[in-house]
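Residues per chain are reported as follows:
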Amino acid sequence: MYLLKHKCAVISVVLILIIIITVSLATVYQMMHHEDHARKGVTPMVINTWNFQHATAKAWDVLEKNMSAVDAVEQGCTICEIEQCTKTVGYGGSPDENGETTLDALIIDGATMNAGAVGGLRSIKSAISVARKVLDQTKHTLIAGNLATQFALNMGFVPESLQTNYSKDLWTSWKENQCQPNFWTNVTPDPTKACGPYEPSSAIKDKPTEDEHASSTDHDTITMLAIDKFGNIAAGGSTNGLIHKIPGRVGDTPVPGAGAYADNGVGAASATGNGDIMMRFLPSFLAVEMMRNGMSPQIAAESAIKRIASHHPKFFGAVIAVNVYGEYGAACNGMESFPFCVANQELGVKNYSIPCST
């Protein structure tokens, strides 16, 4: 009995020593990490998807005025909403099957890990600013549909039509072309030959694994990452979604971890492309976690893209990433090249383009 008690006591001491050593090593690592961060210094910067340079310049101007990273993301994305960047951001683009344009947007504050988002927003042009209100004025993360519009009205936003002659013409041409292409499957009448309304088919086929009509002309979501002079990081994005989508469809942009993700202790990442595929893999969250485990932003972005491509080799999309030091990277798939914009003290505002896996 004495030997048993003695053995238990020894084991207990060893376990305590292991815990103390583990905690000590973790503390040393954190101190080294913070010292390294301090030694490298905070590098205020902006990076966003596509060649939306006006949005980049606006966000950078906000940072130069010593405003926050969250302010930079909001105001940068607002520029694209106003300018209707490639007609895939803001009003007047990507009509759904009913001819209506709806908007999705997201802002994540990496300092607090809080997020605000709207999905399927109707009749309000400033989607990113409504998302900011969700962030600042509520305890929620995502508000969607008609009640997102009601929330916006309660916050003082003015209702406006999101349809333009351009979006109406797109919808009319699509209807005249027997509603081709569309996003229905396993329904009758045959969605590849006729418009709806559709009913479920008794013959269930495998769901298509690729978006056969994806291109940069209908997936140019702006997503943006920013670091301010205090080292705070924010991420977000705005889009009018997928052209000819089924009404009510919400893509990846307003989903934290899918459209964008930010963590002050690590960095941020965001995505653009075929949201219906990409949101299943949470590529922005994945890229940030890979950076947390020591990967560079470039390798993290590439790894997130490869994860999706291992299941959907032809998917269309891209990921951008930045770490706490302002180092950045980008990767893409399903297109020849992917343009993005960067702004910092050294570069000013600059466009880049990288080749993609196809």
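Residue numbers run consecutively from 1 along every chain, following the written order of its sequence. Confidence filtering applies because this is a predicted model: local features only for residues at pLDDT of at least 70, side-chain atom pairs given and counted only at 80 or more, and all residues used for totals across whole chains, interfaces and linings. Remark: hydrogens and water are excluded; side-chain values derive from all non-hydrogen atoms of the structure.

**Side note on the confidence of the model for the protein chain**
Okay, so step 1: Within the protein chain, residue pLDDT values average 90, and 85% of them lie at 70 or more.
Okay, so step 2: The score called pLDDT rates the predictor's confidence residue by residue, from a low of 0 to a high of 100. The contact criterion used throughout is that any non-hydrogen atoms of two residues lie within 4.5 Å. Note on residues 22–39: pLDDT under 50 across the span, and six contacts to partners over four residues away in sequence or across chains.

**Considering unusual backbone geometry**
Okay, so step 1: Across the junction of glutamine 180 and proline 181, the peptide omega takes the value -5°, indicating a cis bond.
Okay, so step 2: Take proline 181: it is sitting in the loop between α6 (165–176) and β5 (187–188).
Okay, so step 3: Residue proline 189 follows threonine 188 across a cis peptide bond; omega there is -5°.
Okay, so step 4: Among the secondary structure elements, proline 189 is positioned in the loop between β5 and β6 (199–200).
Okay, so step 5: With a phi angle near 55°, glutamine 84 is a residue other than glycine that sits in the positive phi range. By the criteria applied, helices consist of DSSP H or I runs no shorter than four residues and strands consist of E runs no shorter than two, each listed in order from the N terminus.

**Focus: the UniProt feature "binding site: substrate" (unreviewed entry) in the protein chain**
Okay, so step 1: Under the UniProt annotation, "binding site: substrate" (unreviewed entry) lies at Arg249, Val250, Gly251, Asp252, Thr272, Gly273, Asn274 and Gly275.
Okay, so step 2: Mapping threonine 272 onto the fold places it in strand β10 (residues 267–273).
Okay, so step 3: Residue classification places threonine 272 among the buried residues on the basis of a relative accessible area of 1%.
Okay, so step 4: The definition of a polar contact used here is a pair of N or O atoms within 3.5 Å, where within protein one atom must be able to donate a hydrogen and the other to accept one, and adjacent residues in sequence count solely through side-chain atom pairs. At a separation of 3.0 Å, a polar atom in the side chain of threonine 272 contacts the side chain of tryptophan 50.
Okay, so step 5: Secondary-structure assignment places asparagine 274 in the loop between β10 and α7 (275–278).
Okay, so step 6: Only protein chains enter the accessibility calculation, which uses a 1.4 Å probe; a residue is then buried when its area is under 20% of its type maximum, exposed when over 50%, and partly exposed in between. The buried category is assigned to asparagine 274, whose relative accessible area is 4%.
Okay, so step 7: Of the polar contacts made by the side chain of asparagine 274, one reaches the backbone nitrogen of aspartate 276; its length is 3.1 Å. UniProt positions are given in the numbering used here, feature names are shortened, and annotations may be inferred rather than shown by experiment.

**Thoughts on the state of the cysteines**
Okay, so step 1: When two cysteine sulfur atoms lie within 2.5 Å, the pair is treated as a disulfide. Per the stated rule, a full pass over the model turns up three disulfides.
Okay, so step 2: Between the sulfur atoms of cysteine 80 and its disulfide partner cysteine 85 the distance amounts to 2.1 Å. The sign of the S-S torsion, about -95°, decides the handedness of the disulfide formed by cysteine 80 and cysteine 85: left-handed. Judged on exposure class, the residue cysteine 80 and its partner cysteine 85 are both buried.
Okay, so step 3: At a sulfur-sulfur separation of 2.0 Å, the disulfide partner of cysteine 332 is cysteine 356.

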